[in-house]
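Here's the letter readout for the chains.
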Amino acid sequence: MAIELDPPLGTMEAFPSNAGGTLVRTLAAGLRTYESRVLRYPGHVAQMNTFRDLGLFGIEPVEVGGTRLVPRDLLLAL
């Protein structure tokens with residue numbers, strides 16, 4: 001879903017989030033529905049999906065050129 005914001009942000013991607021923490025419990029008596037969205041620049045979700053599909057968020061070590069490394073650690077270092 002795309003959302004238009006005033007400049008300098010412009011068009012943003014919006015997708016569901018499980019954010020809210022204690023807010024939902026705090027306001028539960030007065031809430032009938034609650035929705036939270038994350039806003040990111042266009043292309044963010046596609047890029048993160050590509051990283052995931054490549055296994056770059058993995059936490060299990062893999063062997064690369066005789067060295068064992070955790071893909072997520074490599075991604076964070078880069």
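Each value, and the rule that gives it
Residues numbered from 1 in each chain as written. Predicted model: local features only at pLDDT ≥ 70, side-chain atom pairs only at ≥ 80, totals over all residues. Heavy atoms only, no water. Pairing = 2+ DSSP bridges. Helix = DSSP H or I, 4+ residues; strand = E, 2+ residues; numbered from the N terminus. Axes fitted to C-alpha atoms, helices over the stretch in contact; angles between N-to-C directions. Buried < 20%, exposed > 50% of the residue type's maximum accessible area, 1.4 Å probe, protein only. Contact = heavy atoms within 4.5 Å. Polar contact = N/O pair within 3.5 Å; in protein donor to acceptor, adjacent residues only side chain to side chain.

Chemist: Looking at this structure, I do not really get the sheet that holds strand E2 (residues 11-16). What am I missing?
Modeler: In any sheet, the strands associate via hydrogen bonds between backbone groups, in a parallel or an antiparallel arrangement. Strand order in this open sheet of three strands is E1-E2-E3, and the pairing throughout is antiparallel. Looking at strand neighbours, the two that pair on one side only are strand E1 (2-4) and strand E3 (37-40), the edges of this open sheet. On average, each strand axis in the sheet is tilted by 40° relative to the strand beside it, whichever way the strands run. Inspection of the sheet shows E2 paired to E3 by four bridges, in the antiparallel sense. Bridge pairing links Pro-16 to Arg-37 in E3.

Chemist: Before we go on, may I ask you to explain unusual backbone geometry in this structure?
Modeler: Backbone geometry follows two general trends: most residues other than glycine have a negative phi, and most peptide bonds adopt the trans configuration. Omega for the peptide link from Pro-7 to Pro-8 comes to 15°, which places this bond in the cis form. When you line up the elements, Pro-8 lands in the loop between E1 and E2.

Chemist: How should I be thinking about the environment of Thr-11 in this particular structure?
Modeler: In this structure, Thr-11 sits in strand E2. Residue Thr-11 is classed as partly exposed on the basis of its relative accessible area of 32%. Leaving out residues up to four positions away in the same chain, Thr-11 has contacts with Ala-2, Ile-3, Glu-4 and Pro-42. Within polar-contact distance, the side chain of Thr-11 engages the side chain of Glu-4 at 2.2 Å.

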